[in-house]
Amino acid sequence: MTNFIKVCIFSLLTVGAFWGYSSFGIPQIKPAPPPVEAKVDLGSMTMEKFIALGAELFDGKGDCTLCHNEMGRAPMLEKAVADAEKTLKSPAYKGTAKTVEEYLYESSVSPSVYVVPGFGKKGTNDTVSPMPDATGSSVGLTKIELAAVIAYLQDLSGSEVTVQIPTMDASAEGAESAKSKECE
Ligand code: HEC
């Protein structure tokens, strides 16, 4: 009889050990998190989170670091604010931006308005930028995402962040896509 009890206890322990191992010993397979473009939650947005989102987009979806890196294909943007201040004062600048924030937007969506000398497309004498429109079809940042990237660039430069976190109403793009879903 004692043997029977021993066998029972042994079996329970063995089964328990396997259960414990399979529950806690083997890492759980978690599905990959959804890509960043998943809706930006503006409701709980703080400037700190907004800048962090911009940093993530700069490296990720925005593909900015593809060119803006140490390889010299494009100017580094750590001093983007100081550079922009200089450009805005330069007689060579013919764009419409009045503030650094406006200049950073303009440079991101219409890069050819002002081409940093030496960085133009080959053979265009610095009149055409090789940079794609950050909100165009190849990159496809939304307006909100671009605002986050600009906030990040201002922060990266150690400057005051003048970009405002967009409000819910301003997220017209989001509203539009929600509407078109409703109609389906
Ligand atoms: C295909 C390469 C490429 C990619 C990708 C790229 N850029 Fe650029 N960018 C350039 C080049 C080259 C310049 C310099 C020429 C010019 O003024 O357009 C530049 C200039 C800029 C400037 C102006 C800098 C100054 O001092 O005036 C800003 C701001 C900027 N890029 C932001 C971005 C952001 C934000 C992204 C990502 C959404 C991005 N770029 C992606 C190549 C690129």
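Conventions used here
Residues numbered from 1 in each chain as written. Predicted model: local features only at pLDDT ≥ 70, side-chain atom pairs only at ≥ 80, totals over all residues. Heavy atoms only, no water. Helix = DSSP H or I, 4+ residues; strand = E, 2+ residues; numbered from the N terminus. Buried < 20%, exposed > 50% of the residue type's maximum accessible area, 1.4 Å probe, protein only. Donors = N, O, S within 2.8 Å, 3.2 Å for Na, K, Ca; no water. Core = buried A, V, L, I, M, F, W, Y, C linked by side-chain atoms within 4.5 Å. Contact = heavy atoms within 4.5 Å. Salt bridge = Lys/Arg side-chain N within 4 Å of Asp/Glu carboxyl O. Near = heavy atom within 4 Å. Polar contact = N/O pair within 3.5 Å; in protein donor to acceptor, adjacent residues only side chain to side chain. Nonpolar A, V, L, I, M, F, W, Y, C, P; charged D, E, K, R; others polar.

**Thoughts on unusual backbone geometry**
Although it is not a glycine, Asp63 adopts a positive phi angle of roughly 60°. For Asp63, the location among the structural elements is in the loop between α2 (47–59) and α3 (80–89). For Asp63, a relative accessible area of 45% puts it in the partly exposed group. In the Ramachandran plot, Asp126 falls in the positive-phi region, its phi being about 60° despite a non-glycine side chain. Assessed through its relative accessible area of 28%, Asp126 is described here as partly exposed.

**Regarding the coordination of the iron atom of the ligand**
Looking at the iron atom of the ligand, one finds its protein donor set to be His68 (NE2) and Met131 (SD), positioned 2.0 to 2.1 Å from the metal centre. The exposure class of His68 is buried, given its relative accessible area of 15%.

**Some words on the nonpolar core**
Of all hydrophobic cores here, the largest spans 31 residues; its most connected members are Phe50, Phe58, Tyr103, Leu104 and Leu141. Of all the elements in the fold, those that place two or more residues in this core are α2, α3, α4 (100–109) and α5 (143–156). For this core, the element with the highest residue contribution is α5, accounting for 9 residues. Other than its neighbours up to four places away in sequence, Phe58 contacts Asp63, Cys64, Thr65, His68, Leu77, Val149, Tyr152 and Leu153.

**A look at the pattern of salt bridges**
All told, the structure shown has 2 salt bridges when counted by the stated rule. Residues Lys61 and Glu145 are paired through a salt bridge, measuring 2.8 Å at the closest nitrogen-oxygen approach. Of this pair, Lys61 sits in the loop between α2 and α3 while Glu145 sits in helix α5, and the two are 84 residues apart along the sequence. Among the ionic pairs, Asp83 bridges to Lys79, the shortest N-O distance being 4.0 Å.

**A closer look at the site of the ligand**
Not every one of the 26 residues close to the ligand is listed here, only the nearest: Cys64, Cys67, His68, Tyr103 and Met131. Between an oxygen atom of the ligand and a main-chain N or O atom of Pro111, the distance comes to 3.4 Å. Separating an oxygen atom of the ligand from a side-chain N or O atom of Ser129 is a distance of 2.7 Å. Considering only residue class, the shell around the ligand consists of 18 nonpolar, 5 polar and 3 charged.

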